[in-house]
Each structure stands twice: as structure tokens, then as C-alpha cells.
Amino acid sequence: MMTYRTRFTLLDERLLLCAVPALLAACGSGELAGAELSDQHASAVAQAASLVPTSDVALDKIWGGGGTAPIFKLVDDGTSFGASDGGGTFARSAPGAAAASLTLGYSGAPAGGASQVVVNYQAWAINGGAGTVRVNLYNGTTLIGSGPARALGASQQNLSETFSGLEVANGDQLRTELVFQNTAGQGSLVASIVWIDVTPPDGGGGTPPDGEPVVSDKLVPRDGAWWGAYNSSRNYGWDWGLAIKDFEQKAGRKLDIVYRYHDWGTTDNGVFPDRFETAQMREGYIVHLSWESRRYSAGQNVTWTEIANGAQDAVIRAAAERVKNAPGKLMIAFDHEMDNTDVHSADGTDESYVAAYRRIVDMFREAGATNVVWVWTPMGWSGTRARLPALYPGDSYVDWIGYDPYNFYECNGGGWKDPATTFGSHYQWMHEPAQMAWHGDKPYILSEFSSHEDPADPNRKGQWMRGVVDALKRYPDIKAVQFYNSNVTHRSPCKLAVDSSPQSVAGYAEAGSDPYVNQPHE
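Residues numbered from 1 in each chain as written. Predicted model: local features only at pLDDT ≥ 70, side-chain atom pairs only at ≥ 80, totals over all residues. Heavy atoms only, no water.

1. Examining the environment of Pro502
How we decide: Labels follow the DSSP assignment, with helices taken as runs of H or I lasting at least four residues and strands as runs of E lasting at least two, numbered in each case from the N terminus. Only protein chains enter the accessibility calculation, which uses a 1.4 Å probe. A residue is then buried if its area is under 20% of the maximum for its type, exposed if over 50%, and partly exposed in between.
Along the chain, the position of Pro502 falls in helix H16 (residues 502–512). Classification of Pro502 as exposed rests on a relative accessible area of 66%. A sequence separation of 41 residues divides Pro502 from Lys461, and the C-alpha atoms of the two residues are 9.9 Å apart.

Given below as C-alpha cells:
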């Protein structure tokens, strides 16, 4: 789907305020209770700056107007798009008000209308307030979509609502309503719309007028993200096909990507693609393989120096010959989590890893195995980030960048992290200008991800699962995710599997039904 990402330009504050009927008296007198808002206003600017749309087509005039009293104040947050691409609108309910709403409209929408609208916003409570905010979408005066009531507390949340299957003929008629319900009897609820994605009706599939295919030659979906998983076949008689089919029963859908781990060698698990993966490719799956410099059965590592100096060329050459005859393209990551010293401390220097990686890719290309999409996947842990520039093989050797974010919680003694926090830290670091300078602009894949259970709250993991897609929409360069459906980690067993509880299964299945992670393959 072609998506137009809107941006908001800085408007005259009094003009905007005067569009709200409840504030007409204040506009007439020139007296606005702005001082009370200033600290929260500044907070909104700072938080909004962390959300960076990748492109903008301006729905740039805030329409304002409508809504019910008492909205305390509506302002543009003052952040220039030229400076940060953050920005947005900022609304706050009157102190102590039980209910309030505000309607916003935007001009400059695509002339062809809209088939989908995604509203990305931030919301929180201040001064002891608590309650919910809901986003409603209108076509003129007709309600065409209503998002869920989102519970608010003192912590700022990044939220997103997707309204699909729309038939809006004129995008200028779009109206976004923020509905606050304050149940605390004190304080206020706050929301800031940061950007809005608008998909015109011609974006439903196939090749759009600009010629961009729905899937690139590097297996990148034009819109949204692939939905995938790793599922161990240990309990299925090592039948990897059956393991995926069983997982899909839990997921409530067919996966886009299946993930596997292969060791180093020319027999047994060192052989790929195997018969299961070949069959899956023919069935339309994207197969993603993690090729590891270890011999599982012997418990030994093959060093990066051995691979780089040519001592392992026979293994590489045999793999390349098999892969080039595969029935389509596949993704390969060499030594995912190469920065994990629990596994690779004795494998060699960072420079030897890069040399080994490049030798593998060069030999595949020389053999004619050009049907491989190469993935580079460090852990994504802050403790090893300083090493990553030296571990990066170079743009011509990397098609996707991966990382493995987990909400381990009690499993490793950490605190609970919502999906946006789980995914966001490494993503934001990698998108800083200093990091972009060495790795360029690549699609991202969450090669492994999951959450531990909260023993004190059996519903918490299910809610975490439900929030995964909303989190992905905050980070638009994440174009694929793979759930790690296993309780096994290097250090300790964790409750990471999707079936760790019925609530987890239900939340995961609900997340997987979102249109954002249901993209066409051709």
C-alpha cells in the first residue's frame, strides 16, 4: 500500500485555540491559562522528537474545531519539522473533568481519498489523573472507526490506531477525535498526535503507479512487516514442517517467515536448505537461516580465522552449490549474535569475523548463489554496541540488519519493558546520525523476540503480545519480526514460548491479525 505520512506545521496558537468552541471566550479576551501547561508542553516536545517519520506528505493545516467542553487547552507543540520531524498536536482535558473530547481535521490529504488511516500518538496523565483516551475517526460528520480505550497513567505511552477497509473519497474530510475519560476526579489527561499515515485506495496490492513492487528484490515488504517465528521441532520428532504447522494453529494464521538454525558442516544439521525448508519455500514461506560456526554434535566452534583464511572453503562451497539450486530466494545470517561472548569469545577478533563473513558472501556470489539475502544480526544489547562498527561487514555485504530484543523481566533480573521499549532502545541508537554513517539505510528484522511471563499478573504477557504491532508502527524500518517460540536461553530457562499461558496465546493471535503484519507476497 502506498502510504502518505502527514506532518503538522507550526500554526498561530491563538488561531488554533479559537477553533475550539469551548475556548471562544478566552480567545476574545486574549487570556489563556498557558503557564500551567508549560512544563507538560515542554515534555511533549521532548518525547515527540524521538518519533521520527521516514517521509512526509503534508496534511499540514490543523483544522481544529468541534468537540465538547471542557478541553483545557489545545496547542501546536512548537517543534519544527525541519528540525526534528517530530512535532504534532497537543491536547489536555480540564483539571478534574470526567469527560472531554476534541476533534481535529487536516487539509492537504491525497486527492484520491483513503483506504487506511493510522493515527500515531502519545498519551499520559498528569497531576494525579487517570483514565482512558480513545481515538475516533470521522469522514466529515460520519463516524467510520473507533479505536480501543487506552488506559493512561503517569508514564507516557507511544500508541497507534489503525483504521482499515475505509472508503473515504476526499481525504480533506478526515476528522480525528480524541475522547478522554478521567476516572480519578483530579488531574488531567494529555494526548499528542505525532503523525498520521494515510493510504489511498490505489494502495491495495499489485504494483502502484510509481512502479514500486509490493516486495523488493531483497524480500522487503513495501508496507507493514512480515510476521514469522522459530519453533523447535524437538517435540515433533524433528519434523520441522509439522513444528511450524502446529505453531500456526496457535498463531491463528500462516506465517510469512520461518526461522531455523544450522551448524557448520556438510552432514546432518549442517546441510541446508533441507527437505523441510525446500518444501516451505515452495509453499510460499520466506525461509531465514541462521548459519552458525559451530558443530552442534561435537560441541565445538569453528573459528572465524579458519573460515577467513580458507581452511573451511569446502564447507562454504558445498553450501553455495546447494543454495543456488533452491526454489527461490532465502535469507541467511552468518553467526547471529556474533557479539555474544557467551558463544563466540574464542572465535577470533572482530576483524576476523568481518573477513569470514565477506569470504562466505564472496564465495556464494562466485558460485552463482545470488538468490541469498544477507542478514547481519548482533544482539542489540547496549553492553556490546561499541563493538558493532568494527563488526559490520559493509553495505555491499549486508541486505538486512537484525537484532534480538527480549523482555526477559525476572528471567534475568531486569524490569518489565513494554514492546515499544523492548524494541526501541537499539533501533533508536542505530538511527542516530553517528551510527547511520557506518551502516547506512537498511531494513530491520527482529530475528528473535519474545516476553517472559509476570508471575504476579497472568494477563500481562498477553497484553504485551497485543502491543507488539502498535510498537512496530513506531519503528517503520522494522520490516520483519520472528517470534522465538522456546523457553531455552544460554543462561537460564525462561517462559518465552507463545503457549506459556492461554493469555499469551490469545494476545499473540490477536496481534498477528493486524493488517500491518498481513502483507502480500507478490
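From this point, the narrative continues.
2. Re unusual backbone geometry
Across residues other than glycine, the phi torsion is negative in most instances, and most of the peptide bonds are trans. Of note, the bond from Phe272 into Pro273 is cis; its omega dihedral lies within 30 degrees of zero at -10°. Note that Pro273 resides in the loop between strand S15 (257–262) and helix H6 (275–282). With a phi angle near 65°, Leu219 is a residue other than glycine that sits in the positive phi range. Taking relative accessible area as the criterion, Leu219 reaches 11% and is therefore assigned buried. In this model, Trp238 sits at a positive phi of 60°, which is unusual for a non-glycine residue. Residue position: Trp238 is located in the loop between strand S14 (226–231) and helix H5 (240–251). On the basis of relative accessibility, which here comes to 46%, the residue Trp238 falls in the partly exposed class.

3. Remarks on the packing of aromatic side chains
Aromatic rings considered in pairs are described by the distance between their centres and by the relative angle of their planes. The test is simple: Pairing of aromatic side chains here covers Phe, Tyr and the six-membered ring of Trp, requires ring centres within 6.5 Å, and sorts the geometry by plane angle: under 30 degrees stacked, over 60 edge-to-face, intermediate tilted.
Across all of its chains, the model carries 32 aromatic pairs by this definition. Ring geometry for Trp376 against Tyr392: centres 5.0 Å apart, planes inclined by 80°, an arrangement best described as edge-to-face. You can see Trp376 sitting in strand S20 (residues 372–376) and its partner Tyr392 sitting in the loop between helix H11 (388–391) and strand S21 (400–403), a full 16 residues away along the chain. Exposure remark for Trp376: the relative accessible area of 0% places this residue in the buried category. On the numbers, 5.6 Å between centres and 90° between planes, the contact of Phe449 with Phe483 is edge-to-face. In this pair, Phe449 is assigned in strand S23 (residues 444–451) and Phe483 in strand S24 (residues 478–485), connecting sequence segments 34 residues apart.

4. A look at the pairing of S14
Stated formally: Strand pairing is defined by DSSP finding a minimum of two bridges between the two strands.
S14 sits mainly inside the fold: 6 of its 6 residues count as buried. Burial along S14 is two-sided: the face carrying Trp226, Gly228 and Tyr230 and the face carrying Trp227, Ala229 and Asn231 are both buried. As paired strands, S14 and S24 are joined by 6 bridges and run parallel to one another. In the strand pairing of S24, Asn231 is matched with Asn485. Relative to S15, S14 is paired through 2 bridges, and the arrangement is parallel. Note on S15: the bridge partner recorded for Gly228 is Ile257.

5. Brief notes about the packing of helix H8 (residues 313–324) against helix H10 (residues 350–366)
The criterion, for reference: In this analysis an axis means a line fitted to C-alpha atoms, helices contributing only their contacting stretch, and an angle means the value between N-to-C directions, from 0 to 180 degrees. For this classification, under 35 degrees means roughly parallel, over 145 means roughly antiparallel, 65 to 115 means roughly perpendicular, and everything else is oblique. Left-handed describes a crossing whose near helix is turned anticlockwise from the far helix by less than a right angle; the clockwise case is right-handed. In what follows, residue pairs with any heavy atoms lying within 4.5 Å of each other are defined as contacts. Here the term charged refers only to Asp, Glu, Lys and Arg, the term nonpolar to Ala, Val, Leu, Ile, Met, Phe, Trp, Tyr, Cys and Pro, and the term polar to all other amino acids, Gly among them.
Interaxial distance between H8 and H10 falls to 9 Å at its minimum, and their mutual angle equals 45°. Our classification of the angle between H8 and H10 gives oblique. As for how H8 packs across H10, the hand of that crossing is right-handed. Contacts between H8 and H10 pair Asp313, Ile316, Arg317, Ala319, Ala320 and Val323 from the former with Arg359, Ile360, Met363 and Phe364 from the latter. Class assignment of the residues belonging to the contact of H8 with H10 gives a composition of 7 nonpolar, no polar and 3 charged.

6. Comments concerning the packing of H5 against H16
Packing of H5 against H16 brings their axes to within 8 Å, and their N-to-C directions diverge by 90°. Taken together, the axes of H5 and H16 are roughly perpendicular relative to one another. The residues of H16 that touch H5, namely those facing Phe247, Lys250 and Ala251, are Val505, Tyr508 and Ala509. Of the residues belonging to the contact of H5 with H16, the class tally is 5 nonpolar, no polar and 1 charged.

7. A look at the state of the cysteines
Where we set the bar: Criterion for a disulfide: a pair of cysteine sulfur atoms at a distance within 2.5 Å.
In total, this model carries 1 disulfide according to the counting rule given. Sulfur-sulfur distance for the disulfide between Cys411 and Cys494 comes to 1.6 Å. Classification of the bridge connecting Cys411 and Cys494 rests on its S-S torsion, roughly -45°, and on that basis the disulfide is left-handed. Of this pair, Cys411 sits in the loop between strand S22 (406–407) and helix H12 (419–430) while Cys494 sits in the loop between S24 and H16; the two residues are 83 residues apart in sequence, bridging distant segments of the chain. In this pair, the class of Cys411 matches that of Cys494, namely buried.

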